[in-house]
Every structure is written in C-alpha cells, then in structure tokens.
Amino acid sequence: MSRLALSLLLGFCAASAAGAPARSSLREKPYGLLLLGEGGDRDWKEAVAAITKELGKDLPLEFAAGSADEKAIQKSVDRLQAQRVKKLVVVPLFESSASDVMEEIRYLLGIRKDPSEGFFANSRRGAQIVRRIQTRLPVVLTPALDDQPVVVEILTSRALALSRKSDGESLVILGQAPRSEAAAEQLAQTLNSLAERVRAKGGFLAGHAALLEDDLGQSRRDKAAAKAKTLIQGLGRKTRVVVIAYNMTSSGAEKKVARALSGVFMKFSGKGLLPDARLTKWVSESAEAGSRLPDMRVYKDAGRALNSSKTKEFKPKAFPGDRP
C-alpha cells in the first residue's frame, strides 16, 4: 500500500472515530425527567441546581418553574423531545398530590378531562382556552411529596434543630390550606400523619397539625388562625411547643405565621423542605419508578374554553402512580 493510500485510510478511520460520539448522542434515551415547582427564590435555585448537577449527568432533565404554568411546561417538554427521549416522566416538587395545583397539572397533561373549579380561581385564568401540553410521547406524572419518608426525615431534622429536650415538648406542623375545602381536608390528613411520624422519630411528647388559610378570605383566615392559636396555647400551658412549617421554602412563611399567630409563645422555624440533599435522591427514585409506569395521558385534545360554572367540583382521588 502506498503512503498516500495509507494516509487516506488512517484519516478516514480517525474521522469515523471522531464522529461516533455525535452519532451515539442521537440515540433515543429511555426517558426524560421534567421537574415541576414554584421556583423563584434562592432556596429553589439552590435546590434545582443541586438536582440538575447530580441527575442531569445521566438523563435529560428540565425544570419548569411556576404554579402549573402551561407555557413553561410546554417549552420544557419541547426541549426534552428534541433530545429524543422515549417517555416523559414528570416529578412534581409540591407538598400535596391532592391539591389545586396538582389538579391543574393533571388537566394540562391530559390525565384529567376537565379543569377544576380551582383552576379558574387562579388569578391567571379565565374563561379563555387553556391549552393542554402537546407531545407525541407517553407521559407519567409521579406523586408529590405528601407524607413520604423523605418528608418525615427532613421535618424531623427541622424540629430537632429547635428542640431542647424533645420528650418533654409538643410538636405542631403548620401547613397552608389550598383553595378547595376537599383538598384542605386531604392535606389535613397528610399533616396529621406527618405529625405522628415526626413525633415518634424525634421522640416528642405529642404531635399535632394545623392549617392556616392566608389566601382564602378574611373569615376563613381568621377562623383558621384562631383554631391554630387555641391548639398551640393549650399545649403551651403544659409543655414547650416546637412549631415547624410544611412549606417548600422559607419565603414568606415567617411573616405569615407571625401575622396569624401573633402573641402565641412558641419556638418556630419557617425553614422549608428546600434545599435539602435528601430530596435529590427522592427525585431520582420517583423518576425511576415513574419510568416503569404506562402512559397516563388519556385526553389528547388541545384544550377548550370552559365557563367555571360548568366545571366539576374538585374531588381528590387516586391516579395511577399515586400512593394509596
């Protein structure tokens, strides 16, 4: 073989080797992860950066910020589709699976037929057409945080950080009530479960839960605040009271609680669930479990305008993938 022929052959092989990674990058990925959450403040940015750094190495990952923001979600879905994923696994970083925002997400993803009353109660909504997310891919929506073990671990850490001697203290977990009364009842059940499990894990004398209703009108707000005050003051006559917030971040929590529970003697932390490294593992496990579930998308129309008076009242129920 001549030197020229040998040179051309080696050059061709080198070019082929150099091009191999580019071709392999075009292969379809088993699934793409779409992370949903409010976003915005420093706690969110830190948490999403940590999750992306850890999990984004092994799978396509997008974060859509906002409270069921259909435009942000569609843009994220489009970017994941461009990466040739075979399925979309949506992991919601929200407190409760039975909530107004989760019902909005189910509608947008085509899991729920019609918007709920809570959908139109959102100030961004009206009787306009609210477009469903458009995709050719199967979609799976995993459960929100609810009372899963990782939440118990994080809340226990928050409570013990305030504690002097837990076996002589009472614990209260404060949550923010959603608009729907049915969803609020479901959240109350979740918080009661969390309160008992955190009490046991942290060794507290007693565990209780309460809901504040900051955004639901003066009457309901005052009633909820009075109920929470009565609970904490009653416990405070016998024990030291440790109060922790069931929020994603600390943003605004301390001011809301100070306004609602002014004059109540308690040890309070408004620190939220984020940021916390334990949630990265939870997101990874949720995504992996979701990747094994079948397509949940039933309604594939583009969405239609519905008058709020014609929508069905929100009733929390189990969806495929939700915890029983």
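Residues numbered from 1 in each chain as written. Predicted model: local features only at pLDDT ≥ 70, side-chain atom pairs only at ≥ 80, totals over all residues. Heavy atoms only, no water.

Draft legend 1. Here's a closer look at the pairing of strand E3 (residues 88-92). Across the 5 residues that make up E3, a large majority, 5, are buried. Neither face of E3 is exposed, since Leu88, Val90 and Pro92 on one face and Val89 and Val91 on the opposite face are all buried. In terms of strand pairing, E3 meets strand E4 (residues 139-141) through 3 bridges, oriented parallel. Looking at the pairing, Leu88 lines up with Val139 of E4. (Buried < 20%, exposed > 50% of the residue type's maximum accessible area, 1.4 Å probe, protein only. Helix = DSSP H or I, 4+ residues; strand = E, 2+ residues; numbered from the N terminus. Pairing = 2+ DSSP bridges.)

Draft legend 2. Spatial organisation of the layout of surface pockets. Considering only enclosed or pocket space, the second largest pocket measures out at about 480 Å³ in volume. In this structure, the second largest pocket is lined by 16 residues; those nearest its centre are Ala184, Leu211, Glu213, Ala224 and Lys227. Looking at the lining of the second largest pocket, the elements with two or more residues in it are helix H7 (181-202), strand E6 (206-212) and helix H8 (218-236). Each residue belonging to the lining of the second largest pocket can be placed in one class, and the counts come to 9 nonpolar, 1 polar and 6 charged. (1 Å grid on protein atoms, 1.4 Å probe; cavity = no way out; pocket = protein on both sides within 12 Å on 5 of 7 lines; lining within 4 Å. Points joined across faces, edges and corners; volume = space filled by probe spheres on them. Nonpolar A, V, L, I, M, F, W, Y, C, P; charged D, E, K, R; others polar.)

Draft legend 3. Region of the structure containing the sheet that holds E4. With respect to topology, 4 strands assemble into an open sheet ordered E2-E1-E3-E4, the strand pairing being parallel. For this open sheet the edge positions go to strand E2 (61-65) and E4, each flanked by a neighbour on one side alone. On average, adjacent strands in this sheet sit at an angle of 20° to one another, irrespective of strand direction. Pairing of strand E1 (residues 32-37) with E3 involves 5 bridges; the strand directions are parallel. When the sheet's bridge partners are listed, Leu34 is paired in E3 with Val90. Contacting E1 and E2, helix H2 (residues 42-55) crosses the sheet at an angle of about 165° to E2. Across the sheet, helix H10 (residues 278-291) lies against E1, E3 and E4, angled at about 140° from E3, the strand it touches most. (Axes fitted to C-alpha atoms, helices over the stretch in contact; angles between N-to-C directions. Contact = heavy atoms within 4.5 Å.)

Draft legend 4. Examining the pairing of strand E5 (residues 169-176) more closely. Counting buried residues along E5, 7 of its 8 residues qualify, which places the element largely inside the surrounding structure. Strand direction decides the pairing type here: E5 and strand E7 (residues 240-245), joined by 6 bridges, are parallel. Bridging across to E7, Leu174 finds its partner in Ala245. As paired elements, E5 and E6 share 7 bridges and run parallel to each other. By the bridge assignment for E6, Gly175 is matched with Leu211. As for the winding sense of the linkage, the β-α-β connection from E5 through H7 to E6 is right-handed. (Right-handed = clockwise from strand over helix to strand, strands pointing away.)

Draft legend 5. Structural detail: helix H6 (residues 149-160). The terminal C-alpha atoms of H6, which comprises 12 residues, lie 17 Å apart, in line with the 16 Å expected from a rise of 1.5 Å per residue. Considered for burial, the residues of H6 that qualify are Val150, Val151, Val152, Ile154, Leu155, Thr156, Arg158 and Ala159. Against the buried residues of H6 lie E5, H7, E7 and H10. (Expected span 1.5 Å × (residues − 1).)

Draft legend 6. Representation of the nonpolar core in the model. One finds Leu93, Leu145, Leu155, Ile173, Tyr246, Leu273 and Val283 to be the most contacted residues of the largest nonpolar core, which totals 42 residues. Of all the secondary structure elements, the ones that give two or more residues to this core are E1, H2, E3, H6, E5, H7, E7 and H10. With residues up to four places along the chain from it excluded, the contact list for Val283 reads Leu33, Leu35, Ile51, Leu55, Val91 and Leu93. Counting 26 residues, the second-largest nonpolar core is a separate cluster that includes Leu34, Val90, Leu108 and Val139. (Core = buried A, V, L, I, M, F, W, Y, C linked by side-chain atoms within 4.5 Å.)

Draft legend 7. Highlighting the packing of aromatic side chains. Tallying each qualifying case throughout the model produces 1 aromatic pair. Ring centres of Trp44 and Phe63 lie 5.9 Å apart, and the angle between their planes is 25°; on these two criteria the pair is classed as stacked. Within this pair, whereas Trp44 is found in helix H2, its partner Phe63 is found in strand E2, the two being separated by 19 residues in sequence. (Phe/Tyr/Trp six-rings, centres within 6.5 Å; stacked < 30°, edge-to-face > 60°.)

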